[in-house]
Amino acid sequence: MTHAASSRRFQAFSVGVLLFTLGVILWGAFVRATGSGAGCGDHWPHCNGEVVPREPTVQTLIEYTHRVTSGLVMLLAVALCVWALRAHAKGHPVRKAASWALFFMLTEALVGAGIVLLKYVADNASLGRAVWMGVHLVNTFLLVGAQTLVIWFARGRAPLTFRGQGWVGVLVGTSVAGMLLLGVSGAVAALGDTLFPSETLMEGLRQDVSDTAHVFIRRRILHPVLAVSMGALLVLIGRWMARLRPSAEVKRAALAISILYSVQLMAGLVNVVLLAPVWLQLVHLLLADFVWMAVVSLCAAGLAADAPRTEPVVETVSTHASPV
């Protein structure tokens with residue numbers, strides 16, 4: 001079952017919301033990388049007890065800007081959801097995707113508030129902060145994924161079906177779970193680089209194997225190992241998916257993953273050599289979001305109800321499954 005494409009205005013707006021969201025995400029990473037998370041103290045939603053801070057420091061301005069832009073993107077998410085519900089008939093997958101996007105935007109705000117109120121900011125090096133950073137990263141990925149699906153379905157693509165997918169379902173689950181795990185390891189590694197910066201590359205390598213180094217430092221080696229392993233796995237998944245669901249969209253997404261992940265690995269290597277400068281951390285995160293969006297597109301194309309198959313249907317296909 002296919003659905004009509006959304007209006008061009010809605011499609012353009014959905015792309016704009018995603019781009020603005022990515023900007024807010026990058027600014028949030030800038031807040032963490034510059035140690036400005038405590039710029040508004042442990043007050044939320046107020047900043048140091050004030051609606052508009054007076055005589056703010058640079059850190060306060062950085063954190064306050066993040067809160068203002070987060071509020072703006074929340075309004076955009078509400079507008080996108082309302083527009084999706086009003087402009088599309090019941091059963092159109094855009095409606096569910098936009099609703100999920102709003103849900104994850106709300107949970108994103110709650111997680112961000114929790115991090116501030118629990119004081120998991122600035123120089124806090126507790127394991128609790130690492131856990132909250134991981135939760136924050138997972139929620140961010142789910143938010144970006146839902147917004148990616150809004151754009152996907154707005155172009156008139158078929159809804160997703162999860163029943164009867166056989167190996168495709170396994171590949172989708174593996175790629176999503178692997179990307180989330182990789183993202184969490186990257187968030188913890190970035191936190192360690194921020195809290196315990198190294199003066200030289202050799203010093204950083206010595207810290208990685210030191211028994212006295214903080215656990216964030218001793219475990220950050222896991223991220224590049226996972227990154228290389230996941231990259232190879234995603235390339236294989238893309239090729240396998242293209243054989244099982246040989247549509248042009250699956251093939252394009254698989255190619256995009258191969259290209260983007262190669263660039264991401266190169267950026268990660270340079271990031272290590274240059275000792276994780278802030279600007280490169282932001283580039284690395286943006287590339288990670290692009291890879292994630294490509295993975296979501298691959299999964300959506302593979303699970304599409306009208307995707308061509310080279311394997312028999314395992315059981316009756318339902319075209320009314322949740323799009324996220």
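Computed from a predicted structure; not experimentally measured.

Student: Is there a simple way to explain the overall build of the chain in this structure?
Tutor: The helix and strand tally for the chain stands at 10 helices and 0 strands. Along the chain direction, N to C, the helices and strands of the chain fall in the order α-α-α-α-α-α-α-α-α-α. Relative to a compact globule of 324 residues, whose C-alpha radius of gyration would be 20 Å, the chain shows 21 Å and is just as compact. Counting the 324 residues in the chain, one finds 47% classified as buried. Long-range contacts, defined here as pairs at least 24 residues apart, represent 80% of the contacts in the chain between residues at least 6 apart. Carbon and sulfur atoms make up 69% of the accessible area of the chain, which amounts to about 15,600 Å² in all. Measuring between centres, the 24 positive side-chain charges of the chain sit 13 Å from its 16 negative side-chain charges.

Student: Can you help me understand the environment of Glu50 in this one?
Tutor: Looking at where Glu50 falls in the secondary structure, it is placed in the loop between helix 1 (8-33) and helix 2 (58-87). Classification of Glu50 as partly exposed rests on a relative accessible area of 27%. Spatially, the C-alpha atom of Glu50 lies 9.1 Å from that of Cys40, the residues being 10 residues apart in sequence.

Student: How should the side chain of Thr60 be read in this particular structure?
Tutor: Note that Thr60 resides in helix 2. A relative accessible area of 5% places Thr60 in the buried class. Engagement of the side chain of Thr60 in a polar contact is seen with the backbone oxygen of Gly39, the distance being 2.7 Å. Thr60 has contacts with Gly39, Cys40, Cys47, Asn48 and Pro53, leaving out every residue within four places of it along the chain.

Student: Any chance you could explain the state of the cysteines here in plain terms?
Tutor: Disulfides are covalent bonds that connect the sulfur atoms of two cysteines. One pass over the full model with this rule turns up 1 disulfide. Cys40 shares a disulfide with Cys47; S-S distance 2.0 Å. Judged by the torsion about the S-S bond (-85°), the Cys40/Cys47 disulfide is left-handed. Each member of the pair, Cys40 as well as Cys47, carries the same accessibility label: buried.

Student: What is the right way to look at the confidence of the model for the chain in this model?
Tutor: When pLDDT drops low, the exact placement of atoms in the prediction is not to be read closely. This prediction gives the chain a mean pLDDT of 92; 95% of its residues lie at or above 70. The low-confidence segment residues 314-324, where pLDDT is below 50, has 35 contacts with residues more than four positions distant or belonging to other chains.

Student: Sorry, what's going on with the packing of aromatic side chains here?
Tutor: Each aromatic ring pair is characterised by the separation of its centres together with the angle its planes make. Counted under the stated rule, the structure contains 9 aromatic pairs. Ring geometry for Tyr120 versus Trp132: centroids 6.4 Å apart, planes at 40°, classification tilted. In this pair, Tyr120 sits in the loop between helix 3 (93-117) and helix 4 (127-154) while Trp132 sits in helix 4, placing the two residues 12 residues apart along the sequence. Among the residues examined, Tyr120 registers a relative accessible area of 18% and is labelled buried.

Student: Mind showing me how you'd approach the nonpolar core here?
Tutor: As a rule of thumb, soluble globular proteins bury nonpolar side chains together. With 50 residues, the main nonpolar core has Met179, Leu234 and Leu298 as its most contacted residues. Of all the elements in the fold, those that place two or more residues in this core are helix 1, helix 2, helix 3, helix 4, helix 5 (167-195), helix 8 (222-244), helix 9 (248-273) and helix 10 (278-303). Counting residues in hydrophobic clusters, the runner-up holds 11 residues, among them Val73, Leu102, Phe104 and Met105.

So, how was this worked out
Residues numbered from 1 in each chain as written. Predicted model: local features only at pLDDT ≥ 70, side-chain atom pairs only at ≥ 80, totals over all residues. Heavy atoms only, no water. Helix = DSSP H or I, 4+ residues; strand = E, 2+ residues; numbered from the N terminus. Rg over C-alpha atoms; globule rule 2.2 N^0.38 Å. Buried < 20%, exposed > 50% of the residue type's maximum accessible area, 1.4 Å probe, protein only. Contact = heavy atoms within 4.5 Å. Areas by Shrake-Rupley, 256 points an atom, 1.4 Å probe, with all protein chains shown as cover. Lys, Arg positive; Asp, Glu negative; His and termini not counted. Charge placed at Lys NZ, Arg CZ, Asp CG, Glu CD. Polar contact = N/O pair within 3.5 Å; in protein donor to acceptor, adjacent residues only side chain to side chain. Disulfide = S-S within 2.5 Å. pLDDT = per-residue confidence, 0-100. Phe/Tyr/Trp six-rings, centres within 6.5 Å; stacked < 30°, edge-to-face > 60°. Core = buried A, V, L, I, M, F, W, Y, C linked by side-chain atoms within 4.5 Å.

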